Amino acid sequence: MSDTRRRVKVYTLNEDRQWDDRGTGHVSSTYVERLKGMSLLVRAESDGSLLLESKINANTAYQKQQDTLIVWSEAENYDLALSFQEKAGCDEIWEKICQVQGKDPSVEVTQDLIDESEEDRFEEMPETSHLIDLPTCELDKLEEIADLVTSVLSSPIRREKLALALENEGYIKKLLQLFQTCENLDNSEGLHHLYEIIRGILFLNKATLFEVMFSDECIMDVVGCLEYDPAIAQPKSHREFLTKTAKFKEVIPITDSELRQKIHQTYRVQYIQDIILPTPSVFEENFLSTLTSFIFFNKVEIVSMLQEDEKFLSEVFAQLTDEATDDDKRRELVNFFKEFCAFSQTLQPQSRDAFFKTLANLGILPALEIVMGMDDLQVRCAATDIFSYLVEFSPSMVRDFVMQEAQQSDDDILLINVVIEQMICDADPELGGAVQLMGLLRTLIDPENMLATANVRKCKWKTEKSEFLNFFYNHSMHVLTAPLLANTSEDKVEKDAVIGSDSSTICPDNFQTAQLLALILELLTFCVEHHTYHIKNYIMNKDLLRRVLILMNSKHTFLALCALRFMRRIIGLKDEFYNRYIIKGNLFEPVINALLDNGTRYNLLNSAIIELFEFIRVEDIKSLTVHIVDNFYKSLETIEYVQTFKGLQTKYEQEKDRQNQKLNSLPSILRSNRFRRDARALEDDEDMWFNEDEDEEGEAVVSPVEKSKSEDEFPESYEKFMETKKAKESEDKENLPKRTTGGGFKFTFSHSGSTANGANNSHNKSVAAQTPPAGSNGSASKNANLNATSTTPKGSLVGLVDYPDDDDDEEEDTSPRKRPRLGS
């Protein structure tokens, strides 16, 4: 069994003057040859690694605080602390330090805190002047005492000597007796002097003085002194607040008197630091570092004592989950756990892990599920804060609970669905709670976060990843997208999508609803970036992008930008499945309409849309370039303040020339369509992709034919475009987009559901085929495609073998699709 006397926690003070936990280990004092002297070594109890190696220098000032702390500075702005589990171990190491420095172990500080400028000033002081002579503690001496205390604050050595004098003579208790006298006599001048004195003593930054000042006997008088700030006309009522307004509620009676006293003390000292004392100036910011440490180590002790009391925690959980518990009592219990979890942040990592595991074993997550659904806003907010602590500590633990819960409960009462519903139903006009919950959801569905848990469970992260994402898309995604689908419902779209109608009526005008939809879109955009396989299936099955792009009509520009960002992330993946889906559904139409509606205004929406098309041009996404130029260039060619659209046409022409040259360089027999796989084969490949199991999230599973698909489509597309150009000129004139008042063209956004469904089942026979007008049904679109492909203009290339049953296969959807047959 390890020696608990030498068991310590190592802390370092960061730039924000907060103590950071470096770990737990066992300390020893030994001679280190490399450092040429006796040193303090701390080795981690987990793996034996070296947490600390510090030479005991003769001139370093070591301070012993609260019987179990040793604090010192290694260098400027680098403070260290050892917190011992047992007082005996602290005394033992303190004796070693004093032995090296030749000091008496009875002292609390081994060296005077002297800077270089003060060494010369005090080096000639006689040995007898070890302490500062304090004036007698009388009413007429208060001004002199206040001047003395104020004057020493700029001198480290004088601060140290004054602190020793105050400690040795019991001076603080005498001062507090004078405070009671002054208050009884209504002596305002004396009370103002006492304010300066007590404030100055706090700035001496001595833990031994704090232990006296913050004792039950003295702390209220200290608070009383700090009420009489000379800069304020009327004294504050801090004591009245602490004794009457601030009530300590024991949700379960605390039998340990030491624990109760520590909780009271910590609350009051925290109040002094946060409320009573003014914000320290730049010159005073280091004066209260020991006060911060005092509060910090008190909280560590409180959490440790509560955690060790298993009976207390079990009773708290029993009442929290008991249906008979009234709402007021449950509110107190939830607030207790919120504060308990906040205090736990002071624990070292291993102790914090044990703390949250204890809460999980006692049933904190099922309890949160109950209280997060309560009507009380305060309870829901506290429960959300507790949930955030748990998610931050271990997202994997929360995910495991949710998946196990799904095997026993309906979707409606799953914890993660309760969280989503709370996000959706947030009554705050600014949606502060919804924003917090959205961040927690993103943490839970983040694959990178799942990867982080691989350090603990290397063999399980992939299983957890696939299992949880499958669970989320099967059980929770419909809850998340419900508001989005409700506000872009097909009934509304088909009713309002008529020529000349105001399409903005289909979008939410309510600012709070628009904010909520923006949050949902932000989360869906995150899914597009990180959930390649699952979100792709969901978008195509639900025709989600079409529904999202309806929000481009919103009067709230930020919501239109969120919809555009969603599409931009999809296009940014450069995935041909997505590209064919966009082309098939003619989904650039609402984006271009928004650009034309924006007119000549130079704003964020204009820039974001231009950037989308510029990305397509720079990345040379061929299929999208063809679709945009073939269908929309006539309305975009008038936009000349950027060269994006002319650049797209240039890319289009260059690719056409390259493909023609490539075709001309081949023997005539190789130019035949006989060696090109027809569209039905490509449809089969896509169906096979969607039917395959996920290999690994983040890796696109693409069949070999897909890699060459875009290049194969280009010759055919351009060839048919040139052959049918004259035949379509008259039709184009009739179907030209209507010119808007700004001089551009506007398209009618087709919201036909049949087009969306077709996105998963079939592909256009030619990306250059004419887009059907709005209101056309799926069969009409299909017949148009059939006519376009079956009609062979004179001079076009035909295959060497003609199969008479091909037409029958295309007309009969129920017959099994056939693989293209290649001649021998």
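Residues numbered from 1 in each chain as written. Predicted model: local features only at pLDDT ≥ 70, side-chain atom pairs only at ≥ 80, totals over all residues. Heavy atoms only, no water.

## A short note on the overall build of the protein chain
Right, so step 1: A count of helical and extended segments in the protein chain gives 38 helices and nine strands.
Right, so step 2: Counting all 824 residues of the protein chain, 49% fall into the buried class.
Right, so step 3: Put simply, 68% of the contacts in the protein chain that link residues at least 6 apart link residues at least 24 apart.
Right, so step 4: Accessible area of the protein chain: about 40600 Å², with a carbon and sulfur share of 48%. (Helix = DSSP H or I, 4+ residues; strand = E, 2+ residues; numbered from the N terminus. Buried < 20%, exposed > 50% of the residue type's maximum accessible area, 1.4 Å probe, protein only. Contact = heavy atoms within 4.5 Å. Areas by Shrake-Rupley, 256 points an atom, 1.4 Å probe, with all protein chains shown as cover.)

## Quick notes on the pattern of salt bridges
Right, so step 1: Under the defined criterion, the tally for this structure stands at 24 salt bridges.
Right, so step 2: Between aspartate 328 and arginine 331 there is a salt bridge, with its nearest N and O atoms 2.9 Å apart. Note that aspartate 328 and arginine 331 are positioned in helix α13 (residues 327–344) at a spacing of three residues, about one turn of the helix.
Right, so step 3: By relative accessible area, which is 46% here, aspartate 328 ends up partly exposed.
Right, so step 4: Here glutamate 611 and arginine 568 are joined by a salt bridge, their closest N and O atoms 2.9 Å apart. (Salt bridge = Lys/Arg side-chain N within 4 Å of Asp/Glu carboxyl O.)

## Section: the pairing of strand β3 (residues 37–44)
Moving residue by residue along a regular strand, the side chains alternate between the two faces of the sheet.
Right, so step 1: Counting buried residues along β3, six of its eight residues qualify, which places the element largely inside the surrounding structure.
Right, so step 2: Pairing of strand β2 (residues 19–32) with β3, which is carried by eight bridges, proceeds in the antiparallel orientation. Pairing of histidine 26 across the sheet is with arginine 43, part of β3.
Right, so step 3: Remark: four residues form the turn of the hairpin made by β2 and β3, two consecutive strands paired antiparallel; lysine 36 in that turn has positive phi of roughly 60°. (Pairing = 2+ DSSP bridges.)

## Side note on the confidence of the model for the protein chain
Right, so step 1: On average, residues of the protein chain score 76 in pLDDT, and 72% of them are at 70 or above.
Right, so step 2: Low confidence marks residues 114–129, where pLDDT is under 50. Its contacts with residues over four positions away, or in another chain, come to twelve contacts.
Right, so step 3: Below a pLDDT of 50 lies the segment residues 692–824, which in the model reaches 195 contacts outside its immediate sequence neighbourhood of four places, other chains included. (pLDDT = per-residue confidence, 0-100.)

## Some words on the packing of aromatic side chains
Right, so step 1: Enumeration over the complete set of coordinates arrives at 24 aromatic pairs.
Right, so step 2: A ring pair is formed by phenylalanine 468 and phenylalanine 471, whose centres lie 5.8 Å apart and whose planes are at 40°; its orientation type is tilted. Of this pair, phenylalanine 468 and phenylalanine 471 both sit in helix α21 (residues 461–475), three residues apart, roughly one helical turn.
Right, so step 3: Where phenylalanine 511 meets phenylalanine 558, the ring centres are 5.7 Å apart and the plane angle is 70°; that geometry is what we call edge-to-face. A residue pair is termed long-range when its members are at least 10 positions apart, and phenylalanine 511 in helix α24 (residues 511–530) and phenylalanine 558 in helix α27 (residues 557–572) qualify at 47 residues.
Right, so step 4: Every member of this aromatic cluster is reached through a ring pair, and the members are Phe312, Phe317, Phe336, Phe337, Phe340, Phe355, Phe356 and Phe393.
Right, so step 5: Just above the ring of phenylalanine 526 sits the side chain of arginine 442; from NZ or CZ to the centre is 6.0 Å.
Right, so step 6: For arginine 568, the ring lying beneath its charged end belongs to phenylalanine 615, and the centroid distance is 4.0 Å. (Phe/Tyr/Trp six-rings, centres within 6.5 Å; stacked < 30°, edge-to-face > 60°. Lys NZ or Arg CZ within 6 Å of the ring centre and 35° of its normal.)

## Digging into the packing of helix α11 (residues 289–308) against α13
Right, so step 1: Running from N to C, α11 and α13 point in directions that differ by 120°, and their axes come no closer than 9 Å. Judged by the angle between their axes, α11 and α13 are oblique. As α11 packs across α13, the resulting crossing turns out to be left-handed. Seen from α11, the contacting residues are Lys299, Ile302, Val303, Leu306 and Gln307; seen from α13, they are Phe336, Phe340, Phe343 and Ser344.
Right, so step 2: Residues of the contact of α11 with α13, tallied by class, amount to six nonpolar, two polar and one charged. (Axes fitted to C-alpha atoms, helices over the stretch in contact; angles between N-to-C directions. Parallel < 35°, antiparallel > 145°, perpendicular 65-115°, else oblique. Left-handed = near helix turned anticlockwise from the far one by under 90°. Nonpolar A, V, L, I, M, F, W, Y, C, P; charged D, E, K, R; others polar.)

## What about unusual backbone geometry?
Right, so step 1: Even without glycine at this site, aspartate 186 takes up a positive phi of about 55°.
Right, so step 2: Tracing the chain through its elements places aspartate 186 in the loop between α5 (171–185) and α6 (188–203).
Right, so step 3: Given the relative accessible area of 63%, aspartate 186 is considered exposed.
Right, so step 4: Even without being a glycine, aspartate 543 presents a positive backbone phi close to 50°.
Right, so step 5: Tracing the backbone through its elements, the reader meets aspartate 543 in the loop between α25 (532–542) and α26 (544–549).
Right, so step 6: Note on aspartate 543: relative accessible area 5%, which makes it buried.

## Re helix α18 (residues 415–424)
Right, so step 1: Most of α18 is tucked away, with seven of its ten residues classed as buried.
Right, so step 2: When we look at burial in α18, the residues that qualify are Leu415, Ile416, Asn417, Val418, Val419, Ile420 and Met423.

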